[in-house]
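Structural features, examined
One letter stands for each residue in the lines below.
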Amino acid sequence: MSDLLFLVEVSLAGLGAGGLYALTGVAFVVIYKATRVVNLAIGELLMFGAYLFFGFSVGLALPTWQAILLALVGGGILGAVIERSVIRPMLGESAISVFMVTIGLGSILVGLVEVIWSPDPRRLPEFMPNAPIFIGDAYLSPKVGYGFLVAAAVIAAFLLVFRFWRGGVALRATATDQAAAYSVGINVPAVFSLAWVVGCVAATGAGILVGAIGGISSTMGVFGLSVLVVVIVGGLDSILGALLGGLLIGLLEALAGSYLGGEYKLLVTFGLLVAILMVRPYGLFGTTEIERL
Amino acid sequence: MLVTRRTMLGLAMAAGAAMVAAPPAVAADDIVIGGSIPMTGVFAFAGVGIHAGIGDYVKIVNDAGGIKGRKIKYVYEDTGYKVDASVAAFQKLTSQEKPNFYYGDSTGFSKTINPELERNGNILMAGASFASELNDPQKYPYQFMAGPDYTAMFGVLLRYIQKTQPGAKVAFVHSDTEFGRDPIKPSTALAASLGLKVVETIVTPPGSVDVSTEVLKLRRADPDFTIFHGYVLAPIPEFITQARQMNMKSRFMGTFWSMDHSMVMKLGDVGEGFMGVMPYRYYYDTDPKAPMLAKIRQMRPEYQSTAYMQGFVTAMLFVEAAKRCVESGKELNGKNLKGCLNGIKDFDTGGLFGVPITVSGNSIPVGRVYRADMKAKTMVPVSDWIKAE
């Protein structure tokens, strides 16, 4: 097999995985953009979403599409509940307090999953087409390929929604200037809720895709760690940044993994993180305003 | 009533005296097994089984009257599979219960606590780790493992490969953890000495989800056998699925912690033919030479994991060492208990190990290769019991 083909295959696999990073990154960015909350529980929200899907599809034996729909709705409700009961009372507190609350939230979600579903690792039912994809001669794992397509479609939808939908505009307005948003009649608390609902739905979707590829366990939240790199590189409040950051990190990890060895994957990504932070502390596409935590 | 400083002081002293005078939780001649058990966290699936296994064997011994009338007491703390929590549990249990034996939950803990074990001198320890490093009686005099170390597990697999396909190409896939790296170097050397070619060694970062790039690398190397190590389940299923899609001919193998029946069955269709090494018989093995399994099935009619067997066998070896020391009138301390343990020769574990065992050093280097039969939903033995040394 030629080296070029290998490079193409590795790059495709990397971009595919990057799509999943991007989708999770979007979930993070939506929440941060609207509410300025650095949500470290993003990985655990993703995990919880995957378990919701597992619960509906395996536990209650519902058809896959119903299970996906219910899981997304469940994820949204979870987001609303978290925002209303945990995050809103923290309004006005220092950023570091809210940040710590989200860490606690992550632990609670892990505990909940272990209590409800036990800590055993599990596999999700197969619901994506299983025939391998060949682009030219290059092989692409079907799950990664379809996962990428779904992620791309969702992110495109997000970009459009923020551009044209009233709710999206309200969210951007709130993100830009809370006081001004209040004064033009935008219901800011509702926007906060909306951001959490949307963020959690996106995280649930990402969780189902990630779980379909790698299986689920109560520790799959570590996926959030790579996503944190993605959003910091892309800029905490930029959806486009999350998208490009995701693809970049996915590609970089794949190349580092195949040419340097798996032990260099994290080294390379975090090396990039440090480099970017030194040159552009607000990320590639973030607003030039530095939040100190 | 006016409480003066003096009465407060008096009350406090009285309370303190009451605490000191409180009867100890352990009857003087109980033999105590302490445990840092991961009942929660990433290793909980194993911890729950280990806990049940130790508990069941202790119950069997106590129901039969204990050791010369001395009861066995098993006390444990949950650690969440974190070394600091394990150490805290150890400190707490050693100060409160004075254990004679201890079950540790990880390689990290076993290494961390070793100096303390040597200083304490009263405890013999075993645990969930089969790390090759711990298999050194000079460095770890008060520890042992109830099975082969990871290198010996690879030894069993590589010897099997050499027998079935001499000169085969082998690839190792391991996680980038202490657990994952453990057997790789010595096993690469062993493979070479057996005339096998190690064509690729792939490392995956812990928690990595997508393994597409790694599978691509594996396809390039085109091995006849691929051995996974350092995983429980993920990413093994995805690895095998993608490899099958690319029409790779490699057969896939695992080591102890990825060989539990319930884990292998989770592989689904792609798990057909998955092989691996196991030092114990599986729960459903009805071989007449394994009466202990019949007893376990009687106590627990539902499937018990290989982690359960590991806890059970460990407790059995603890008790056997204690029994030998008590019978020969030796004091129960770390040195004597280890001596009594090493005195175990051709010992029948009720068939849990397929052959009589001898604990000469810190490990019991024996195992058998099993293959998954997905239609029958069982693990089928495909080799004899192989000694790796």
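From a predicted model like this one, the values you see are computed outputs, not experimental measurements.

Looking now at the sheet that holds strand S4 (residues 124-127) of chain B. Residues and elements named next belong to chain B. Taken in spatial order, the four strands make up an open sheet running S2-S1-S3-S4, and their pairing is parallel. Here the strands that pair on one side only, and so sit at the sheet edges, are strand S2 (72-78) and S4. Across this sheet, the average inter-strand angle for adjacent strands is 20°, counted without regard to direction. Sheet topology places strand S1 (residues 31-37) next to strand S3 (residues 101-104); three bridges connect them, and they run parallel. Note that in S3 the partner of Gly34 across the bridge is Tyr102. Lying on the sheet, helix H2 (residues 44-63) is in contact with S1, S2 and S3; it crosses S2 at an angle near 165°.

This part is about the domain arrangement of chain B. Residue and element names in this part refer to chain B. The domain architecture assigned to chain B consists of domain 1 (31-148 + 289-358) and domain 2 (150-278 + 368-387). Its C-alpha centre places domain 1 at a distance of 28 Å from the equivalent point of domain 2. Residue-level contacts link 15 residues of domain 1 with 20 residues of domain 2. When contributions to the side of domain 1 that touches domain 2 are tallied by element, the ones reaching two or more residues are H2, helix H4 (107-120) and helix H12 (306-327). Residues of the side of domain 1 that touches domain 2, tallied by class, amount to eight nonpolar, seven polar and no charged.

The interface of chain A with chain B comprises 34 residues on the first partner and 30 residues on the second. It is helix H1 (residues 3-35) of chain A that provides the largest number of residues to the side of chain A that touches chain B, a total of seven residues. Here the side of chain A that touches chain B is built from residues that sort into 16 nonpolar, 11 polar and seven charged.

Turning our eyes to something else, we now look at helix H11 (residues 265-279) of chain A. Residue and element names in this part refer to chain A. Here H11 spans 22 Å end to end across 15 residues, near enough to the 21 Å set by a 1.5 Å rise per residue. When H11 is considered as a whole, its buried residues turn out to be Lys265, Leu266, Thr269 and Ile276. Across the axial projection of H11, the buried residues extend over an arc of 100°, all falling on one side. Looking at H11, the residues exposed on the side facing more than 90 degrees away from the buried face are Val274, Ala275, Met278 and Val279.

Bringing unusual backbone geometry into the picture now. Residue and element names in this part refer to chain B. The omega angle of the peptide bond from Ala234 to Pro235 is 0°, so this bond is cis rather than trans. One can find Pro235 in the loop between strand S7 (225-229) and helix H9 (236-245). For Asn247, which is not glycine, the phi torsion reads 60° and is therefore positive. Positionally, Asn247 belongs in the loop between H9 and strand S8 (251-254). Positive phi, close to 55°, is recorded for Lys377, a residue that is not glycine. Inspection of the secondary structure puts Lys377 in the loop between strand S10 (366-373) and strand S11 (378-381).

Turning our attention to the nonpolar core. In this structure, Val26, Ala50, Ala195, Ala202 and Val210 of chain A together with Ile33 and Leu157 of chain B are the most contacted members of the largest nonpolar core, which totals 217 residues. Shared between two domains, this core takes at least three residues from each, and those domains are domain 1 (31-148 + 289-358) and domain 2 (150-278 + 368-387) of chain B. Among residues more than four places away in sequence, those in contact with Leu157 of chain B are Ile227, Met253, Val277 and Val369 of chain B.

What follows deals with the confidence of the model for chain B. Residue and element names in this part refer to chain B. Chain-level pLDDT for chain B is 90 on average; 92% of the residues reach the 70-or-more range. Per-residue pLDDT, averaged within each element of chain B, yields its smallest value for helix H1 (residues 5-21) (54) and its largest for S3 (97). For residues 18-25, every residue scores under 50 in pLDDT, and the model assigns this stretch two contacts once sequence neighbours within four places are set aside. Across the interface, the model reports ipTM at 0.77; the global pTM reads 0.83.

Residues and elements named next belong to chain A. Contact geometry of H1 with helix H5 (residues 142-164) gives a least axis separation of 8 Å together with a crossing angle of 40°. Considering only the axes of H1 and H5, their crossing is left-handed. For the pair H1 and H5, contact is made by Ala13, Leu15, Gly16, Ala17, Gly19, Leu20, Ala22, Leu23 and Val26 and by Val144, Gly145, Gly147, Phe148, Ala151, Ala152, Val154, Ile155 and Phe158, respectively. Looking at side-chain class alone, the contact of H1 with H5 contains 14 nonpolar, four polar and no charged residues.

Our focus in this paragraph is the pairing of strand S5 (residues 169-175) of chain B. Residues and elements named next belong to chain B. Taking burial as the measure, the seven residues of S5 include six buried ones, the bulk of the element. The sheet contact formed by S5 and strand S6 (residues 197-204) spans seven bridges and is parallel. Within S6, the residue paired with Ala171 across the bridge is Glu200. Sheet topology note: the S5/S7 ladder contains five bridges and is parallel.

Thresholds applied
- Residues numbered from 1 in each chain as written.
- Chains lettered and ligands numbered in written order.
- Predicted model: local features only at pLDDT ≥ 70, side-chain atom pairs only at ≥ 80, totals over all residues.
- Pairing = 2+ DSSP bridges.
- Helix = DSSP H or I, 4+ residues; strand = E, 2+ residues; numbered from the N terminus.
- Axes fitted to C-alpha atoms, helices over the stretch in contact; angles between N-to-C directions.
- Contact = placed C-beta atoms within 7 Å.
- Domains from an automatic or database assignment.
- Nonpolar A, V, L, I, M, F, W, Y, C, P; charged D, E, K, R; others polar.
- Expected span 1.5 Å × (residues − 1).
- Buried ≥ 20, exposed ≤ 12 C-beta atoms within 10 Å, placed from the backbone.
- Arc of directions from axis to C-beta.
- Core = buried A, V, L, I, M, F, W, Y, C linked by C-beta atoms within 7 Å.
- pLDDT = per-residue confidence, 0-100.
- Left-handed = near helix turned anticlockwise from the far one by under 90°.

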